[in-house]
Amino acid sequence: MTQQPHGSAGYDTDSFAEIAPRSHSLHSDRIDSWAAETNQTIATQIRNWRNARGLSAQQLSERCASIGYPIPRNIIANIETGRRGSVTVPEAIIIAMALNVPPILLIYPVGKELAVRTSPRQDCGTFYAARWFMGDTRPTPDMAGLDEPDDYKSAVLEWESARDIVQTYQRHGTLVRRYRYVRDDVMAQLTRMADPAAADEEPEVRRIHKRRTDVLVSNLSRAGEALRNHRALMQKLNLALPALPPDIEITDDPAVYEAGSS
């Protein structure tokens, strides 16, 4: 049966998630039960994904060892059966690798449960919780543990400031892909222009190809400048620069960003 939120739920139209209001009375048994439920969810998903992959506990253990972090078969069995009540972060990471599953799906089983308890005080839609975990959507007031609107606004600004770090790296990946795409277009067009058969084309056709080549070269220049500027911005923000793929030669120059900002 699909898990439903505890208590009456309000519909969050922004997230398409059902969110249960926070309980203001918090007892130790509710805290303990939330921790136990979270660990049980992870254990259940490990078992479900192991079965989906057609692996025995021994085979999963061997996969973990091959990754470099041995987890004995009996530990995996005890986790799945609940005899061991918790899963460490390193274990969850390695087991997710061994199962070839995004780790988020062990914690928030999107597609398996409609709602999860995200804290001792709150339930919310599973997909919303997963998006929050990945930095794709802001926390609810209950997630932040705040009741006053002004306090929540400040909390959202803090969260967005941290989230921007993730988006900066996502933007970097987009710019790398764009540069490679445009560069490959330029190389294909130059190859076409260098083909001896192109010399036999009508003058107007050659002019069209020349104009297209000029446009592509200009686009490549802009794509390289955008990537270089973005990397300079990352340097200015004191973020670690990701290594560029070997086939992309961009010289990092912080002065480029400074010049573009003046």
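Quick note: structure is the one above.
Remember, predicted model here, so these are calculated numbers, not experimental data.

Draft legend 1. Structural view of the packing of aromatic side chains. Counted according to the given criterion, the structure contains two aromatic pairs. For the ring pair Tyr108 and Phe133, a centre distance of 6.0 Å and an interplane angle of 80° mean the geometry is edge-to-face. Of this pair, Tyr108 sits in the loop between helix H5 (104-107) and strand E3 (115-119) while Phe133 sits in helix H6 (residues 126-133), and the two are 25 residues apart along the sequence. Residue class for Phe133 comes out partly exposed when judged on its relative accessible area of 45%. Residues Trp132 and Phe133 carry aromatic rings whose centres are separated by 6.3 Å and whose planes lie at 75° to one another, so their mutual orientation is edge-to-face. Taken together, the ring pairs in this structure connect Tyr108, Trp132 and Phe133 into an aromatic cluster.

Draft legend 2. Local environment of the layout of surface pockets. Estimates place the volume of the largest pocket at around 390 Å³. Forming the boundary of the largest pocket are 21 residues, of which Glu37, Thr41, Ile107, Pro109 and Val116 lie nearest the centre. Top element by residues in the lining of the largest pocket is helix H1 (residues 28-52). It accounts for nine residues. Of the residues belonging to the lining of the largest pocket, the class tally is nine nonpolar, eight polar and four charged. Taken as a whole, the second largest pocket encloses approximately 180 Å³ of empty space. Lining the second largest pocket are Ile42, Val87, Thr88, Val89, Ala92, Ile93, Pro103, Leu106, Ile107 and Phe133. Elements that contribute at least two residues to the lining of the second largest pocket include exactly helix H4 (89-99) and H5. Broken down by element, the lining of the second largest pocket gets its largest block of residues, three residues, from H4. Classifying every residue of the lining of the second largest pocket gives nine nonpolar, one polar and no charged.

Draft legend 3. Quick peek at a nonpolar patch on the surface. A surface patch of nonpolar side chains, amounting to about 360 Å² of accessible area, comprises Ile67, Val89, Ile93 and Met97. The element contributing the most residues to the nonpolar patch is H4, with three residues. Structurally, the position occupied by Ile67 is in helix H2 (residues 57-67).

Draft legend 4. Local environment of the packing of helix H8 (residues 149-194) against helix H9 (residues 203-236). Here H8 crosses H9 at 155°, and the two axes come no closer than 9 Å. In terms of axis orientation, H8 runs roughly antiparallel to H9. The interaxial crossing formed by H8 with H9 has left-handed handedness. Here the contact of H8 with H9 is built from residues that sort into 15 nonpolar, eight polar and eight charged.

Draft legend 5. How the structure looks around the pattern of salt bridges. By the definition in use, this model includes ten salt bridges. Here Arg163 and Asp164 are joined by a salt bridge, their closest N and O atoms 3.5 Å apart. Note that Asp214 and Lys210 form a salt bridge whose closest N and O atoms lie 2.9 Å from each other. With Asp214 and Lys210 both in helix H9 and four residues apart, this pair spans about one turn of that helix. When its relative accessible area of 43% is taken as the criterion, Lys210 is described as partly exposed. If you follow the salt bridges from partner to partner, you end up with Arg180, Arg183, Asp184 and Asp247 in one network.

Draft legend 6. Molecular detail of the nonpolar core. Within the largest apolar cluster, 27 residues are counted, with the highest numbers of intra-cluster contacts made by Ile46, Leu60, Cys64, Ile71, Ile95, Leu99 and Tyr108. Those elements giving two or more residues to this core turn out to be H1, H2, helix H3 (73-81), H4, H5 and H6. Considering every element that reaches this core, the biggest residue donor is H4, with six residues. Among all residues touching Leu99, those that are not within four sequence positions of it are Ile46, Trp49, Arg50, Arg53, Leu55 and Leu60.

Scoring rules and cut-offs
- Residues numbered from 1 in each chain as written.
- Predicted model: local features only at pLDDT ≥ 70, side-chain atom pairs only at ≥ 80, totals over all residues.
- Heavy atoms only, no water.
- Phe/Tyr/Trp six-rings, centres within 6.5 Å; stacked < 30°, edge-to-face > 60°.
- Helix = DSSP H or I, 4+ residues; strand = E, 2+ residues; numbered from the N terminus.
- Buried < 20%, exposed > 50% of the residue type's maximum accessible area, 1.4 Å probe, protein only.
- 1 Å grid on protein atoms, 1.4 Å probe; cavity = no way out; pocket = protein on both sides within 12 Å on 5 of 7 lines; lining within 4 Å.
- Points joined across faces, edges and corners; volume = space filled by probe spheres on them.
- Nonpolar A, V, L, I, M, F, W, Y, C, P; charged D, E, K, R; others polar.
- Patch = residues over 30% accessible without salt bridge, like charges linked within 9 Å, V, L, I, M, F, W, Y side chains within 5 Å.
- Areas by Shrake-Rupley, 256 points an atom, 1.4 Å probe, with all protein chains shown as cover.
- Salt bridge = Lys/Arg side-chain N within 4 Å of Asp/Glu carboxyl O.
- Axes fitted to C-alpha atoms, helices over the stretch in contact; angles between N-to-C directions.
- Parallel < 35°, antiparallel > 145°, perpendicular 65-115°, else oblique.
- Left-handed = near helix turned anticlockwise from the far one by under 90°.
- Core = buried A, V, L, I, M, F, W, Y, C linked by side-chain atoms within 4.5 Å.
- Contact = heavy atoms within 4.5 Å.

Honestly, that's just the spatial picture; any functional story needs more than this.
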